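For reference, the chains in residue letters:
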Amino acid sequence: MFQKIISSDHSKTTIIIRLMVGTVFLSEGIQKFLFPAIRGAGRFEKIGFTSPEFLGAFVGIFEIICGLLILLGLLTRLASILTFIIMLVAITTTKSNILINEGFWSMMHGSRTDWAMFLGSLFLIIKGGGKYSVDKKLQKNE
């Protein structure tokens, strides 16, 4: 099972997607603690979630950990499954109201980063960490 999680192809360009996805999640996770009123607990409260303080910290920690793992290419698939779920929840909870109230094009404009992270995470779930990843190095050792 561990081999399936760390398996990867020899792609040299996967690092580009890992850099994009990992950097954005790391940055967003940090911002949930730096700016809790607008990025962390305050945002979860505005959306209507219960326990916004807990959720702000919980999601922030997951985004930081997953972002770092993706940047390193360590347990890339596992971390990407978690970021995929985070983005699925983010799109459905924050962009559905924009779609209903402002229309399709406003929703698409407001969710461009969300879609990039969603699809980037899906790419990493499918492909793994690529040639320049810790996963690839671990794969060779076993």
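Residues numbered from 1 in each chain as written. Predicted model: local features only at pLDDT ≥ 70, side-chain atom pairs only at ≥ 80, totals over all residues. Heavy atoms only, no water.

On to the packing of aromatic side chains, then. The description of two aromatic rings rests on the distance between their centres and on the angle between their planes. Per the stated rule, a full pass over the model turns up six aromatic pairs. Both rings, one in Phe 54 and one in Phe 58, keep their centres 5.4 Å apart while their planes meet at 20°; by these two values the pair is stacked. Separated by four residues within a single helix, Phe 54 and Phe 58 lie in helix H5 (residues 52-72), roughly one turn from each other. On the basis of relative accessible area, Phe 54 is assigned to the exposed category, the value being 53%. Judged by relative accessible area, Phe 58 falls into the partly exposed class, the value being 39%. Summarising the aromatic geometry, the rings of Trp 115 and Phe 118 are spaced 5.6 Å apart at their centres and angled 85° between planes, so their arrangement reads as edge-to-face. A residue pair is termed a helical-turn pair when its members lie 3 or 4 positions apart in one helix, as Trp 115 and Phe 118 do in helix H8 (residues 112-127) at three residues. (Phe/Tyr/Trp six-rings, centres within 6.5 Å; stacked < 30°, edge-to-face > 60°. Helix = DSSP H or I, 4+ residues; strand = E, 2+ residues; numbered from the N terminus. Buried < 20%, exposed > 50% of the residue type's maximum accessible area, 1.4 Å probe, protein only.)

Turning next to helix H6 (residues 76-102). Taking 1.5 Å of rise per residue, 27 residues should cover 39 Å, and H6 covers 36 Å from first to last C-alpha, within 8% of that figure. Those residues of H6 that fall on the buried side of the exposure criterion are Thr 76, Arg 77, Ala 79, Ser 80, Thr 83, Ile 86, Met 87, Ile 91, Thr 94 and Lys 95. Immediately beyond the C-terminal end of H6, within one or two residues, lies Gly 103, with a positive phi of roughly 100°. (Expected span 1.5 Å × (residues − 1).)

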